[in-house]
Amino acid sequence: MGRSLVIKVTAGADAPERCNQAFTVAAAALASGVPVSLWLTGEASWFALPGRAKEFSLPHAAPLADLLDAVLAGGRVTLCTQCAARRDITVDDVIEGVRIAGAPAFVEEAVSEGAQALVY
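Residues numbered from 1 in each chain as written. Predicted model: local features only at pLDDT ≥ 70, side-chain atom pairs only at ≥ 80, totals over all residues. Heavy atoms only, no water.

Per an unreviewed UniProt entry, the recorded name for the protein chain is DsrE family protein, and the organism is Nonomuraea helvata.

Written as structure tokens, this is what we have:
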């Protein structure tokens, strides 16, 4: 098995450059053939909801909605269980293709053979 990336993004509109960097790296890795698992935590949790990524804007950056679509099409997107609960987000609220899982699933992915974990 080749290398994979597990990317946890903790920032949203509160830190737009950091947020966009995580999504950009995820999409670029997928385009390069690297398996990607993107975790939405903290303020990034809101991007699991329909339409929220379209509201995000950062000059000179690819649209977040396009980056999220790319990751959904070729990788895995997970919303943190606790982060979802704190925001009253349920499985019925999220974009199709987004799963909700907790820390044990993140740790399992992050320490799997060949995985590289990044946190933004």
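Now that the structure has been shown, we can carry on.
K.L.:
Mind showing me how you'd approach the nonpolar core here?
P.N.:
One broad trend across soluble globular proteins is that nonpolar side chains are buried collectively. Within the largest apolar cluster, 34 residues are counted, with the highest numbers of intra-cluster contacts made by I7, F23, L38, L40, F47, L64 and L79. For this core, the element with the highest residue contribution is helix α1 (residues 16-31), accounting for 7 residues. Excluding its chain neighbours within four sequence positions, the residues that come into contact with L40 are V9, F23, S45, F47, A48, V77, T78, L79 and C80. (Core = buried A, V, L, I, M, F, W, Y, C linked by side-chain atoms within 4.5 Å. Buried < 20%, exposed > 50% of the residue type's maximum accessible area, 1.4 Å probe, protein only. Helix = DSSP H or I, 4+ residues; strand = E, 2+ residues; numbered from the N terminus. Contact = heavy atoms within 4.5 Å.)

K.L.:
Which parts of the structure should I look at to understand α1?
P.N.:
Between the first and last C-alpha of α1 there are 22 Å, a value that for 16 residues agrees with the 22 Å anticipated at 1.5 Å per step. All of the buried residues in α1 are C19, N20, A22, F23, A26, A27, A29 and L30. Those residues of α1 that are buried lie in contact with β1 (4-9), β2 (36-40) and α3 (64-74). Residue G33 follows α1 closely and has a positive phi angle near 90 degrees. (Expected span 1.5 Å × (residues − 1).)

K.L.:
Looking at this model, I keep getting lost on the environment of L30. Mind explaining?
P.N.:
By the element assignment, L30 lies in helix α1. According to the relative accessible area criterion, L30 is buried, its value standing at 19%. As a C-alpha pair, L30 and L5 span 25 residues in sequence and 9.2 Å in three-dimensional space. Not counting the four nearest positions on each side in its chain, L30 is found in contact with V36, A70, V71, G74 and G75.

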